[in-house]
Every structure is written in C-alpha cells, then in structure tokens.
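Chain residues, written in single-letter form:
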Amino acid sequence: MVGPMGLGEIARALYEEAGMDPASPPRGGAVALAIQIHGRHVIYRQPRAIAEATLARIHGVQRIVLRASCTPRRANFLVGMMLARIAGAAPEVVNVFETPRR
C-alpha cells in the first residue's frame, strides 16, 4: 500500500502532469497551473461565496469556486490548496446547481 503523498509530492506531480518544470513555477502561479491542467473555466469567482474557496461540481463540471474579493496572492494560495484536494489529498467535493440524488 502506498502512503499518502505530501504536499510537495502532490505539487511536483501536478507540475509534471501539466508538462511544466517543478523547479520553475509558472507565471501566474497555481492559477496558471489549474488552468493548464483543467482548462480555462476551472476557476469560478463568486461575489457572494460563503467560503473563500471550495470545490464544486457545477452542471457536471468540477470547478474551483473563489470568493471574488480574494486578492491575487490569496487566490494563488487557495487555488493551490484546491488543486491538492482535487489530486486526492482531501477528496470532498460539493455539488451545487444539481438536483441531489436520494
């Protein structure tokens, strides 16, 4: 059984998946990395978001939802954390705008 990956290992794996050099972070940081891996619509800014950041499935597409008022520096940190969750460090995903299954 393989043990859990540390955040550094997750970050390295994400950079490699995106075809980027882990030793040279991309201009735009974690936001650029998220877009490179998951497409340009992966980040959704919500003016009235309760949390600063969360994962959501909106109309069947996994998104990183950020509070619109987050500064670029804070957004970079939060997107990095959400990428780690997507990679499996904390797999909980909230479904929004979808009918709950009973």
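Above this text is the structure in question.
These remarks concern the structure in this document.

Definitions and cut-offs
- Residues numbered from 1 in each chain as written.
- Predicted model: local features only at pLDDT ≥ 70, side-chain atom pairs only at ≥ 80, totals over all residues.
- Heavy atoms only, no water.
- Helix = DSSP H or I, 4+ residues; strand = E, 2+ residues; numbered from the N terminus.
- Buried < 20%, exposed > 50% of the residue type's maximum accessible area, 1.4 Å probe, protein only.
- Contact = heavy atoms within 4.5 Å.
- Pairing = 2+ DSSP bridges.
- Axes fitted to C-alpha atoms, helices over the stretch in contact; angles between N-to-C directions.
- Parallel < 35°, antiparallel > 145°, perpendicular 65-115°, else oblique.
- Nonpolar A, V, L, I, M, F, W, Y, C, P; charged D, E, K, R; others polar.
- Salt bridge = Lys/Arg side-chain N within 4 Å of Asp/Glu carboxyl O.

1. Details of the environment of Ala-34
Following the sequence through the fold, Ala-34 ends up in helix H2 (residues 29-38). Assessed through its relative accessible area of 0%, Ala-34 is described here as buried. Spatially, the C-alpha atoms of Ala-34 and Leu-14 are 8.9 Å apart, while their sequence positions differ by 20 residues. Residues contacting Ala-34, with those up to four places away along its chain left out, are Gly-39, Val-42, Ile-43, Ile-64, Val-79 and Leu-83.

2. A short note on the pairing of strand E2 (residues 53-58)
Where E2 and strand E3 (residues 61-67) come together, 6 bridges link them in antiparallel fashion. The residue of E3 that forms the bridge with Ala-53 is Leu-66. Connecting the antiparallel pair E2 and E3 is a turn made up of 2 residues, with His-59 showing a positive phi of about 50°.

3. Regarding the packing of H2 against helix H3 (residues 72-86)
Running from N to C, H2 and H3 point in directions that differ by 40°, and their axes come no closer than 7 Å. One element, H2, and the other, H3, form an angle in the oblique class. Within the contact between the two elements, H2 uses Gly-29, Ala-30, Val-31, Leu-33, Ala-34 and His-38 and H3 uses Ala-75, Asn-76, Val-79, Gly-80, Leu-83 and Ile-86. For the contact of H2 with H3, a count of residues per class yields 8 nonpolar, 4 polar and no charged.

4. Observations regarding the pattern of salt bridges
Under the definition given, this model contains 1 salt bridge. Close ionic contact of Arg-74 with Glu-52 constitutes a salt bridge, the shortest N to O distance being 2.7 Å. On the criterion of sequence distance, the pair formed by Arg-74 in helix H3 and Glu-52 in the loop between strand E1 (43-46) and E2 is long-range, its members being 22 residues apart. A relative accessible area of 33% places Arg-74 in the partly exposed class.

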